[in-house]
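Residue-level structure breakdown
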Amino acid sequence: MVQSSPLFYLKTLWQLHIRKRPVVLSHGINSSCNLRCSFCDYWMEERDEMSTEEIFDLLREARSFGILFYNAWTTEPLLREDLPEILEYAHQLGMITSLITNGKLLEERIDDLEHLDYLSVSVDGIRTHKQIRGLDFAAILPGIVKARDKFHKKILINCVISNKNLTDIEDLVKLVQDLNLKISFEPVHEFKSIDKKTWEEFGIDNRQEYEKIVDRLIEMKKEGYPIINSITYLSMVKNLDLNYRCHASDIILNVTSDGEVEHCRVRKKSIGNIREGITNIWDRSDNTRKHLTSSCEGCLFFGYVENSLLYEFRPEVIKNYEWM
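Residues numbered from 1 in each chain as written. Predicted model: local features only at pLDDT ≥ 70, side-chain atom pairs only at ≥ 80, totals over all residues. Heavy atoms only, no water.

Where an unreviewed UniProt entry is consulted, the chain appears under the name Radical SAM domain protein, with the organism given as Methanosalsum zhilinae.

Next comes the structure, spelled out in structure tokens:
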């Protein structure tokens, strides 16, 4: 098990602020999914997938580049049969490992997560989860509880706020507290590739009710409920405020299932392919990355915003955002 320490955090700061390189490898480990969420466009993409050995090569090169965190996500990591070997290899290289899943296969594959440090499960409600993702919350709860009990992992429930679940959010927070877990929030992002009809259904159009719910989340954060978001970020979410300087591409190296290195999960602009070498891609894409960031309309993905604010050493975020 990789353990974080003051020395590890110093390495993180050195990598980010002295070497000016990202610390997280966010890897789209596969391109298939066992759900068909209408507001998500990742499962709609058809991509090849790297072999186990190719992923091992990626991990070795990423570690040599200075990467300290390996995050497996999109489209559904638990569909990869070789996931245990990949996580173990990342651990052997000294990386902290994390994984984002929809939870459908979690109970079935619980024994394959021995080398996982952080687990994030996408849950958008208790009563409303099936309506949103096509899967009963009761179907994924046993896997979440087993992961908590068997491995004592740091488990995060990630909830996307949409027009569908406004009345379900407070109860979800209370349940997460009862389960001794953590929870994060972010507003639904209206990808341009998704049809207008979907956003008429999911988009945040009832601003009065939406702001009321986010105000309640801020209150619950102050009351000690296990919400990992900072108050600064939650206030931005309330106002749908995109006025911040994005450092996502400074912090996170995004690699797709077929080896494309993309600027971020929103722009999805390729800046190279891992077969060209991470260092080569990074050094030659400096101007491209700066242009893409400065010309971006912005987003409120909590991992991008919170970590961008941490990057700038915002005091309230340092105090109240629990990085997972």
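**Details of the overall build of the chain**
On a plain count of helices and strands, the chain comes out with 14 helices and nine strands. Whereas a compact globule of 324 residues would reach a radius of gyration of roughly 20 Å, the chain reaches 19 Å, a difference of no more than 12%. In terms of overall dimensions, the chain has C-alpha extents of about 50 × 45 × 40 Å along its principal axes. Counted over contacts in the chain with a minimum sequence separation of 6, partners at least 24 positions apart contribute 73%. Accessible area for the chain stands at about 14,600 Å²; split by element, carbon and sulfur atoms hold 49% of it. For the chain, the distance from the average position of its 42 positive side-chain charges to the average position of its 51 negative side-chain charges is 4 Å. (Helix = DSSP H or I, 4+ residues; strand = E, 2+ residues; numbered from the N terminus. Rg over C-alpha atoms; globule rule 2.2 N^0.38 Å. Contact = heavy atoms within 4.5 Å. Areas by Shrake-Rupley, 256 points an atom, 1.4 Å probe, with all protein chains shown as cover. Lys, Arg positive; Asp, Glu negative; His and termini not counted. Charge placed at Lys NZ, Arg CZ, Asp CG, Glu CD.)

**Looking at helix H13 (residues 302-311)**
Of all ten residues in H13, eight are buried; the element is thus mostly enclosed. Where H13 is concerned, the buried positions are Phe302, Tyr304, Val305, Glu306, Asn307, Ser308, Leu309 and Tyr311. (Buried < 20%, exposed > 50% of the residue type's maximum accessible area, 1.4 Å probe, protein only.)

**Quick look at the environment of cysteine 159**
The residue cysteine 159 is located in strand E5 (residues 154-161) in this model. Between the C-alpha atom of cysteine 159 and that of glycine 125, which follows or precedes it by 34 residues, the distance is 7.4 Å. Those residues in contact with cysteine 159 that sit more than four places away from it in its chain are Val123, Asp124, Asn165, Ile169, Leu172, Ile183, Ser184, Phe185 and Glu186.

**Concerning the nonpolar core**
Core analysis: the largest hydrophobic core is formed by 108 residues, its most contacted members being Leu25, Leu59, Tyr70, Ile144, Ile161, Ile183 and Phe185. What leucine 25 contacts, discounting residues up to four positions off in sequence, is Leu58, Leu59, Ala62, Ile67, Phe69, Tyr70, Asn71, Leu253 and Val255. (Core = buried A, V, L, I, M, F, W, Y, C linked by side-chain atoms within 4.5 Å.)

**Some remarks on the side chain of threonine 97**
Its place among the elements puts threonine 97 in strand E3 (residues 96-101). Judged by its relative accessible area of 0%, threonine 97 is buried.

**Remarks on the pairing of E3**
The element E3 is extensively covered by neighbouring structure, given that five of its six residues are classed as buried. In this structure, strand E2 (residues 69-73) lies alongside E3, joined through four bridges in parallel fashion. In the sheet register, asparagine 71 faces E3, and the bridge partner there is serine 98. Note on the crossover from E2 through helix H3 (residues 83-92) to E3: the handedness is right-handed. Relative to strand E4 (residues 118-122), E3 runs parallel, the two being bridged by four bridges. Its bridge partner lying in E4, threonine 101 is registered against valine 121. (Pairing = 2+ DSSP bridges. Right-handed = clockwise from strand over helix to strand, strands pointing away.)

**Topic: the packing of aromatic side chains**
One pair of aromatic rings is described through two measures. These are the centre distance and the angle between the planes. Summed over all chains, the structure comprises eight aromatic pairs. Geometrically, the ring pair formed by phenylalanine 8 and phenylalanine 69 is edge-to-face, given 5.4 Å between the ring centres and 85° between the ring planes. Of this pair, phenylalanine 8 sits in helix H1 (residues 6-18) while phenylalanine 69 sits in strand E2, and the two are 61 residues apart along the sequence. Judged on exposure class, the residue phenylalanine 8 and its partner phenylalanine 69 are both buried. Judged by centre distance (6.2 Å) and plane angle (35°), the rings of phenylalanine 191 and phenylalanine 301 are tilted. (Phe/Tyr/Trp six-rings, centres within 6.5 Å; stacked < 30°, edge-to-face > 60°.)

**Remarks on the pattern of salt bridges**
This structure, assessed with the given rule, holds 30 salt bridges. A salt bridge links aspartate 149 to arginine 148; the nearest nitrogen and oxygen atoms lie 2.8 Å apart. Its relative accessible area of 43% is what places aspartate 149 among the partly exposed residues. In this structure, lysine 238 engages aspartate 215 in a salt bridge whose closest nitrogen and oxygen atoms are separated by 3.1 Å. Of the two residues, lysine 238 is situated in helix H9 (residues 231-239) and aspartate 215 in helix H8 (residues 207-222); the sequence distance between them amounts to 23 residues. (Salt bridge = Lys/Arg side-chain N within 4 Å of Asp/Glu carboxyl O.)

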